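# What the coordinates show
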Amino acid sequence: MIAALDRGLRQVGHIVIDAIWKLGAATRFSWLVFARSSESVRRPQLTLNEIFFTGALSLIIIIVSGLFVGLVLGLQGYETLKRYGSAEALGTLVALALVRELGPVVSALLFASRAGSAITAKIGIMKATEQLSAMEMMAVDPFARVLSPIFWGGVISMPLLAAIFSALGVFGGYLIGVVIIGIDSGAFWSQMQANVDLREDIFNGIIKSGVFGVAVTLIALFEGYDAPPTAEGVSYAVTRTVVTSALAVLALDFVLTSFMFTGV
Amino acid sequence: MKRATVDLWVGIFVTAGLAALLTLALKVGNATSVSAADGYSVFGQFENIGGLKPRAPVKSAGVVVGRIVSITFDDQRFTARVTMRIDKRYRFPKDTSASILTSGLLGEQYVGLDAGGDTTNLKEGDELKLTQSAVVLEKLIGQFLYGKAADGGAKK
């Protein structure tokens, strides 16, 4: 009885200490990535390559999913709004849903699975094949040369991807609402413009996607750097990146929303 | 991947992203319409504001001229104090009256301004003396029922 309790308590203690240790390591890691970022500015080509890798190569999936989310929102929103005789409010519904929530969140989830997993795999394998140690041997700082540019690439790409997602979603809503169903085009745009505020809605959406960009890229980098240097370790790390980033994005979204959109 | 190709694709990506941001700001948002930021604040005391919310529009003759900034309760006069910011392009006489109206049957509530005939204009911090409260549906129905009952009594 006492022995079982002792073992149980030890296990709880072990888990908590491990979690705190990992949190501390992640914080120090994030600080190092941030502190050694001067090289990313002095050699912009490094950062550009990462923007290409994380941003430009994610364009297709963002464009296609943004468009289809907009199309679906248009169809479903119309079905509901029609019952209350306010189908013209479709523009407002589609634009607010996309700009405030769906744009930043869905594009961050796609970004985590498309770019985050790739980043983790890349860093994990660089570590497993001792490329990072080799760099240190040659007095090249892997934080400044490899990790920081990836971080800044992700942070720059994420808001742009979210903006593309939202803009195409609104276009999708327009296609369904105005072109196919036949809502008046003037009412669609003017109601949207009357109810979407530049600072309250659009600017806050951009801030959200920036925060998600920081979170997802840091999680991906840390999981890769922290992965055990084996094939299995890297594969687990990639899985953890996708799961942890998705949970972090959803939790952060709730926190940011409750700060940004209160009393509206 | 060649450097030129990378540069081209990053260029396409960043341009598309900025174009999307610009579209959102100009086409979806209301960057070009009334900005409540530069203007003057006035306030009015209302008996009952109904469902009026901060950021609701202030309209005159149906045109949006400003926005509601804050709504607080005044415990000296037991009324709601509604502060609104009006675009500095629009000047209103001092005896302008404010009423809380509803756009459409299910629409949002807004403050409507009706200009008076005074020669001096409203300025920062002035009070709108003439106010008309929101119509509360329950009170309206109550009045209607009392009216009916009174009619029925008179006929007997």
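Residues numbered from 1 in each chain as written. Chains lettered and ligands numbered in written order. Predicted model: local features only at pLDDT ≥ 70, side-chain atom pairs only at ≥ 80, totals over all residues.

## Overview of the overall build of chain A
Scanning chain A from terminus to terminus reveals ten helices and zero strands. With respect to the three principal axes, the spread of C-alpha positions in chain A is 65 × 60 × 30 Å. When each of the 264 residues of chain A is scored for burial, the buried share is 45%. When contacts within chain A are restricted to residue pairs at least 6 apart in sequence, long-range pairs at least 24 apart make up 88% of them. (Helix = DSSP H or I, 4+ residues; strand = E, 2+ residues; numbered from the N terminus. Buried ≥ 20, exposed ≤ 12 C-beta atoms within 10 Å, placed from the backbone. Contact = placed C-beta atoms within 7 Å.)

## Examining the overall build of chain B
Counting its secondary structure elements, chain B contains two helices and eight strands. Looking at chain B alone, contacts between residues at least 24 apart form 65% of all its contacts between residues at least 6 apart.

## Thoughts on the pairing of strand 2 (residues 57-60) of chain B
Residues and elements named next belong to chain B. Note: strand 2 against strand 3 (residues 63-74), four bridges, orientation antiparallel. Across the sheet, residue P57 finds its bridge partner in strand 3, namely R67. From the end of strand 2 to the start of strand 3, which pair antiparallel, there are two residues, and A61 there has a positive phi angle of about 55 degrees. Pairing analysis gives two bridges linking strand 2 to strand 6 (residues 109-114), with the strands arranged parallel. Bridging from a neighbouring strand, K59 pairs with G112 of strand 6. (Pairing = 2+ DSSP bridges.)

## Overview of the pairing of strand 3 of chain B
All names here are of chain B. For strand 3 and strand 4 (residues 79-87), the ladder comprises eight bridges, and the chain directions are antiparallel. Bridge assignment links D74 to a residue of strand 4, and that residue is T79. The antiparallel pairing of strand 3 with strand 4 creates a hairpin that spans four residues between the two strands, and F78 there sits at a positive phi of about 55 degrees.

## Here's the deal with the environment of I125(A)
All names here are of chain A. When you line up the elements, I125 lands in helix 5 (residues 90-128). On the basis of neighbour count, I125 is assigned to the partly exposed category, with 15 C-beta atoms found within 10 Å. The spatial distance from the C-alpha of I125 to the C-alpha of P228 is 9.8 Å, given a sequence separation of 103 residues.

## Quick notes on the domain arrangement of chain B
Considered domain by domain, chain B is made up of domain 1 (1-32) and domain 2 (39-141). For domain 1 of chain B and domain 2 of chain B, the distance between their C-alpha centroids amounts to 41 Å. (Domains from an automatic or database assignment.)

## Looking at the nonpolar core
Counting residues in hydrophobic clusters, the biggest one holds 78 residues, and the most contacted among them are I164(A), V216(A) and L221(A). When residues of this core are traced back to their parent elements, those giving at least two are helix 3 (44-54), helix 4 (59-83), helix 5, helix 7 (142-181), helix 8 (185-195), helix 9 (198-226) and helix 10 (231-260) of chain A together with helix 1 (3-28) of chain B. In terms of residue count, helix 7 of chain A provides more of this core than any other element does, 20 residues in total. If we skip the residues at most four places from it in the chain, L221(A) touches V33(A), I119(A), I123(A), L147(A), I150(A) and F151(A). (Core = buried A, V, L, I, M, F, W, Y, C linked by C-beta atoms within 7 Å.)

## Side note on the packing of helix 7 of chain A against helix 9 of chain A
Axes are the key here: two packed helices are described by the angle between their axes and the distance separating the axes. Residue and element names in this part refer to chain A. It is at 8 Å that the axes of helix 7 and helix 9 come closest, and there the two elements cross at 140 degrees. As helix 7 packs across helix 9, the resulting crossing turns out to be right-handed. Facing helix 7, whose interface residues are L147, I150, F151, G154, V155, S157, M158, P159, A162 and S166, helix 9 presents G205, I206, S209, G210, F212, G213, V214, V216, T217, L218 and L221. A breakdown of the residues in the contact of helix 7 with helix 9 according to their chemical character gives 13 nonpolar, eight polar and no charged. (Axes fitted to C-alpha atoms, helices over the stretch in contact; angles between N-to-C directions. Left-handed = near helix turned anticlockwise from the far one by under 90°. Nonpolar A, V, L, I, M, F, W, Y, C, P; charged D, E, K, R; others polar.)

## As for the sheet that holds strand 7 (residues 126-128) of chain B
Residue and element names in this part refer to chain B. If you trace the eight strands from one edge of the open sheet to the other, you get 7-1-4-3-2-6-5-8, paired in mixed fashion. Pairing within the sheet leaves two strands with one partner each, and these edge strands are strand 7 and strand 8 (130-132). Taken over all neighbouring pairs, the strand axes of this sheet differ in orientation by 35 degrees on average, direction set aside. Of the pairings in the sheet, the one linking strand 1 (residues 39-46) to strand 4 comprises eight bridges and is antiparallel in character. Along strand 4, the bridge assignment pairs Y40 with I86.

## A few points about the environment of A89(A)
Residue and element names in this part refer to chain A. Tracing the backbone through its elements, the reader meets A89 in the loop between helix 4 and helix 5. Among the residues examined, A89 registers 22 C-beta atoms within 10 Å and is labelled buried. In this structure, the C-alpha to C-alpha distance between A89 and I183, residues 94 residues apart in sequence, is 9.7 Å. Discounting residues that sit within four places of it in the chain, A89 has contacts with L81 and Q191.

## Some details on unusual backbone geometry
In this structure, A139(A) is a non-glycine residue whose phi angle is positive, near 60 degrees. By C-beta crowding, A139(A) is classed as exposed, having 6 other C-beta atoms within 10 Å. Look at A61(B): it is not a glycine, yet its phi comes out positive at around 55 degrees. Locating A61(B) in the fold gives a position in the loop between strand 2 and strand 3.

## Focus: the environment of F203(A)
Turning to its location among the elements, F203(A) is positioned in helix 9. Sequence separation between F203(A) and E130(A) is 73 residues; the distance between their C-alpha atoms is 43 Å.

## Description of the packing of helix 3 of chain A against helix 1 of chain B
Between helix 3 of chain A and helix 1 of chain B, whose axes approach to 9 Å, the crossing angle comes to 65 degrees. Note that helix 3 of chain A runs across helix 1 of chain B; the crossing there is left-handed. Seen from helix 3 of chain A, the contacting residues are L48(A), N49(A), I51(A) and F52(A); seen from helix 1 of chain B, they are V6(B), D7(B), W9(B), V10(B) and F13(B). Each residue belonging to the contact of helix 3 of chain A with helix 1 of chain B can be placed in one class, and the counts come to seven nonpolar, one polar and one charged.

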